[in-house]
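Coordinate analysis (summary)
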Amino acid sequence: MAKTMREPAVATSGVLRQPTLATMGLGGVLDIFRRGRLPVETGALVDQVFGPAGERGALVISGASGIVGAGKAMQLGARLQPYDIRIAALDFPGAPDGIARQYGGLVGAFGPKGAAAIMQNIVRLSYDGTSLPSELKRMNPRFLLEAIPEILDVKRAHYELFRREFPGIEIRSVTSGFPSKELGVGIAHPAFPHEINKVWEIVEETPSPVTQLFWSLGLIPIEVSDDWSFVLDVLFCGVTHAGLQYHRASNMPLWKVDKYIRKLVGPNPFRAHDAIGAAGANFLTWSCLHHLGERYGDLFRPTALLEERCRTGQTWYPPNHFRPLVDWKMTEADEAEFRAWILGPLFQMTSLMLHEKRGHLSHLNAIGELCAQFRQGILAQMRALGPDAVIATVEAYHRVHPQAAGSAWHPEAFAAMQTPEWRQLYVNAEHDGEAGVVTINRESLSGAVIEELDRAFDWLKAEGVSRVILTGDFHLATQMVGADTSDFYPALSDAEQGRRLSAAWSRTARRLEEDFEVSVGFVNGKRCLGGMLELLAHCHYLVSVGDAGLGFPEVTLPVVPGMEGCHWPFRKSAPEHWPRLLTMLLGGSAVKAKDSVGWLTDYAGPLDDALRTAWAIARGGDHGVKRRLVQSKALTNVPTDVAGLSDHPEPATAAARAAIMECVQRACGAPLAEALDVQATISGAFMASKTCRGGAVGMEYAKTMEV
């Protein structure tokens, strides 16, 4: 079942780069607005995969007591429960009860009654590995999700057993490393943690109803090519391998290697292995690197220490392990060598994935962030450095580890960094000649997203498009959670850095008001918070699904909203609504979009109605939604307090409220032309304050960067 990545046609007049939805056969986001509905319907896909109502077949999860199988039984069981899909949780009789361990999380998410309803559809069955229980036949299995151990011959025999008993059954493997062409079935490889992470790497010949059903259920299937270890495990096992190589070369303790890797790129690979379960995770990492090494050479060859931990299952952080009371820091030369040991192999491995065309570039980048916990995707990191610096980093790695130089090195893969595919990793744009859609596929706003938004706006204007919708991408970003606070780190010690960041992001947001004839912000996910809400609120109209949560949680971090949230929403609403806005800013709690119409949003309703309304506004059709204009003059009589907040907040909260109130008063009290600088100055000053440094952002910075 070898797979080549496709580039299906998208029915639009212009695209900046291919929408990621198109890789699943779902068209582009512009098509969703033109149709006024999503490209597929969940009920119809359930019928295709499991049979019609009254004749539904079952989902079988084999290896259901393991960490992967149990997690996916919970995740899929919750989503399929409304459609009365029974789940056969199949495993050996003596297997540990992984499903019971997941039940507490299920109760926490759905409550006792909801969790019980989900569990009623999960039937636990035992088998001996060579024959299937008779009860299974009565459940009419239609889809097998295989999560048994990573032993190729055992997996193949398992599929043959099911195909003999149930000809035509759909089969997907959750394998971490074996390609589809080796297994003979499609791949649906889930990211850890399995019960909550919604990302699945998908390998199949053509987009299937199974993959489209996953998407319609709110999961994030990502199509990748049929190569060993796919994308996630090349990155995750790769960064683990890089850390082990540096440990071997320097004798630095593994806990300290972890800290420096976290500072450099984001994850703690060794602690992550222990969190997953060292016995299983060590084997999976060894298996992936072993097979990659057999195919590609010494770049991936497992170290002796990993070989040992694979055999013993020993944790990387032993219980009550001792860390020295007197620590030491690296010199600049040490850190440069460390960067070569860690980034060099990661960049080289990425060159291989680019050479093999393992996926849409936005997919490769997003998998690192969503699954491997990179602060910034690997392609975005390389793009920021530029091709010459990337190649120099790999060459520095080859000088300390020359064995890697002879295999899997493709520097020519970086020659295309100026193409839209590289330049627009987070933001895309499409248009039909009259109206355009700009989509963000990252849940948190960052400087890189802002730069890409500017390029997307420039492209639409050059294409002659003056009417635009700004929204999420309906794929990789299922919500908008605010600003990426790691972008704030430089401002914690330099107020001017914070002022510049706030001003630059706000100027980009203002383009939605100033550069387009009509702009519509569209909230399609379950929440839109902080900087993302400030961004979308700059549109002439804000349209949302009714149940989305909208909020300004900055006071809880604490920071002062930096993208004009302290004055822009006030300028677009009547004075009687100002106390509501103050309550949101000073209290940090969210409101439902359907309860904010007329003072924060302009329309909120069911998804299809909201889509049609946004499209009618963007195209100049009959929509009946009144535009709320931005008041350019200074506002007067803005309230200086608000009822209903706690009278004795924590000192940090009190300081944040005071700073936010000062920003509201001064920014609202200034003309629009001056308000941006007023808000940026106050926001930047507060980020450099002791209060902010002692809050969530400052503590995360200290834990991550002060090594």
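Residues numbered from 1 in each chain as written. Predicted model: local features only at pLDDT ≥ 70, side-chain atom pairs only at ≥ 80, totals over all residues. Heavy atoms only, no water.

Some details on the overall build of the protein chain
Within the protein chain, the secondary structure is distributed over 28 helices and 20 strands. Since a compact globule built from 707 residues should have a radius of gyration of about 27 Å, the 26 Å found for the protein chain is in line with a globular shape. Principal-axis analysis of the C-alpha atoms places the extent of the protein chain at approximately 80 × 65 × 55 Å. Counting across all 707 residues of the protein chain, residues that qualify as buried make up 60%. Of the roughly 26800 Å² that the protein chain leaves accessible, carbon and sulfur atoms contribute 52%. Measuring between centres, the 69 positive side-chain charges of the protein chain sit 2 Å from its 78 negative side-chain charges. (Helix = DSSP H or I, 4+ residues; strand = E, 2+ residues; numbered from the N terminus. Rg over C-alpha atoms; globule rule 2.2 N^0.38 Å. Buried < 20%, exposed > 50% of the residue type's maximum accessible area, 1.4 Å probe, protein only. Areas by Shrake-Rupley, 256 points an atom, 1.4 Å probe, with all protein chains shown as cover. Lys, Arg positive; Asp, Glu negative; His and termini not counted. Charge placed at Lys NZ, Arg CZ, Asp CG, Glu CD.)

Some thoughts on the domain arrangement of the protein chain
We note that the domain assignment places domain 1 (40-223), domain 2 (232-421) and domain 3 (426-705) within the protein chain. Computed over C-alpha atoms, the centres of domain 1 and domain 3 are 40 Å apart. At the boundary of domain 1 with domain 3, total buried surface from both sides reaches about 410 Å², with 54% on carbon and sulfur atoms. The largest per-residue losses of area from domain 1 upon contact with domain 3 belong to Lys198, Trp215 and Ile220, which jointly make up 77% of the total buried on that side. Linking domain 1 with domain 3 are 3 residue pairs in polar contact (both at pLDDT 80 or more). (Domains from an automatic or database assignment. Buried area = accessible area lost by both parts, 1.4 Å probe. Polar contact = N/O pair within 3.5 Å; in protein donor to acceptor, adjacent residues only side chain to side chain.)

Digging into the packing of helix α10 (residues 254-264) against helix α28 (residues 696-705)
At their nearest, the axes of α10 and α28 sit 8 Å apart, and the two run at 125° to each other. Looking at the two axes, α10 sits oblique to α28. Judged by residue contacts, Lys259, Arg262 and Lys263 of α10 engage Glu700, Lys703, Thr704 and Met705 from α28. (Axes fitted to C-alpha atoms, helices over the stretch in contact; angles between N-to-C directions. Parallel < 35°, antiparallel > 145°, perpendicular 65-115°, else oblique. Contact = heavy atoms within 4.5 Å.)

Considering the pattern of salt bridges
Taken as a whole, this structure holds 34 salt bridges when the rule is applied. Its salt-bridge partner being Arg156, residue Glu182 comes within 3.4 Å of it at the nearest N-O pair. One end of the pair, Glu182, is in helix α7 (residues 180-183); the other, Arg156, is in helix α6 (residues 152-165), and 26 residues separate them in sequence. Relative accessible area serves as the criterion here: at 35%, Arg156 is assigned to the partly exposed category. Residues joined by salt bridges that share partners form a network here, namely Asp454, Asp458, Arg511 and Asp515. (Salt bridge = Lys/Arg side-chain N within 4 Å of Asp/Glu carboxyl O.)

Re the pairing of strand β2 (residues 58-62)
Within a regular beta strand, the side chains point alternately toward one face of the sheet and then the other, so they alternate between its two faces. Most of β2 sits out of view: 5 of its 5 residues are buried. Across the two faces of β2 the burial is the same, with Ala58, Val60 and Ser62 and Leu59 and Ile61 all buried. When β2 meets strand β5 (residues 141-146), the two strands line up parallel, connected through 5 bridges. Note that in β5 the partner of Ala58 across the bridge is Pro141. Remark: the β2/helix α3 (residues 67-80)/strand β3 (residues 87-91) crossover connection has right-handed handedness. (Pairing = 2+ DSSP bridges. Right-handed = clockwise from strand over helix to strand, strands pointing away.)

Some words on the nonpolar core
Counting 171 residues, the largest nonpolar core has Val438, Leu453, Leu535 and Phe570 as its most contacted members. Per element, the largest residue contribution to this core is 10 residues, and it comes from helix α14 (residues 332-355). Residues in contact with Leu535, not counting those within four places in the same chain, are Ile440, Leu445, Leu453, Leu470, Ala509, Leu512 and Met563. Counting residues in each nonpolar core, the second largest holds 60 residues, with Val40, Val68, Met74 and Leu217 among its members. (Core = buried A, V, L, I, M, F, W, Y, C linked by side-chain atoms within 4.5 Å.)

Examining unusual backbone geometry
With an omega of -5°, the peptide bond running from Phe192 to Pro193 counts as cis. Within the secondary structure layout, Pro193 lies in the loop between β7 (186-190) and β8 (199-203). Following Leu557, the chain continues into Pro558 via a peptide bond in cis, with omega recorded as -10°. Residue placement: Pro558 occurs in the loop between β18 (549-551) and α22 (568-571).

Looking at the sheet that holds strand β15 (residues 518-523)
What the 7 strands build is an open sheet, ordered β1-β10-β11-β13-β15-β17-β20; its pairing is mixed. At either end of the open sheet lies a strand with only one pairing partner, and these are β1 (14-15) and β20 (603-605). Taken together, the 2 bridges between β1 and strand β10 (residues 427-431) define a ladder with antiparallel strand orientation. Considered in β10, the bridge of Val15 is made with Glu430. Set on the sheet, helix α19 (residues 447-462) makes contact with β1, β10, β11 (435-440) and β13 (467-472); between it and β10 the angle comes to about 15°. Along the sheet, helix α21 (residues 530-537) makes contact with β11, β13, β15 and β17 (541-545), crossing β15 at roughly 150°.

Digging into the side chain of Ser173
Inspection of the secondary structure puts Ser173 in strand β6 (residues 170-173). A distance of 3.5 Å separates the side chain of Ser173 from the side chain of Tyr159, its partner in a polar contact. The contact partners of Ser173, leaving out residues within four places of it in the chain, are Glu146, Lys155, Tyr159, Leu183, Val185, Gly186, Ile187, Ala188 and His189.

Here's the deal with the environment of Ser444
Along the chain, Ser444 turns up in strand β12 (residues 444-445). Linking Ser444 and Thr485, residues 41 residues apart in sequence, is a C-alpha distance of 8.7 Å. Leaving out residues up to four positions away in the same chain, Ser444 has contacts with Val449, Val481, Gly482, Ala483, Asp484 and Met532.

Comments concerning the sheet that holds β2
Taken in spatial order, the 8 strands make up an open sheet running β4-β3-β2-β5-β6-β7-β8-β9, and their pairing is mixed. The open sheet terminates on both sides in strands that have one partner only, identified here as β4 (122-126) and β9 (220-223). Neighbour-to-neighbour, the strand axes of the sheet open up by a mean angle of 25°, direction not taken into account. Strand direction decides the pairing type here: β7 and β8, joined by 4 bridges, are antiparallel. Each residue of the ladder has a partner; that of Ala188, found in β8, is Ile202.

Section: helix α16 (residues 378-385)
Burial within α16 is extensive, with 6 of its 8 residues counted as buried. Along α16, the residues classified as buried are Ile378, Leu379, Ala380, Gln381, Met382 and Arg383.

Observations concerning the packing of helix α15 (residues 361-370) against α16
Relative to each other, α15 and α16 sit at 105°, their axes nearing to 6 Å. Taken together, the axis directions place α15 and α16 in an arrangement best described as roughly perpendicular. On the side of α15, the interface is formed by Leu361, Leu364 and Asn365, while α16 contributes Ile378, Leu379 and Ala380. For the contact of α15 with α16, the per-class residue count stands at 5 nonpolar, 1 polar and no charged. (Nonpolar A, V, L, I, M, F, W, Y, C, P; charged D, E, K, R; others polar.)

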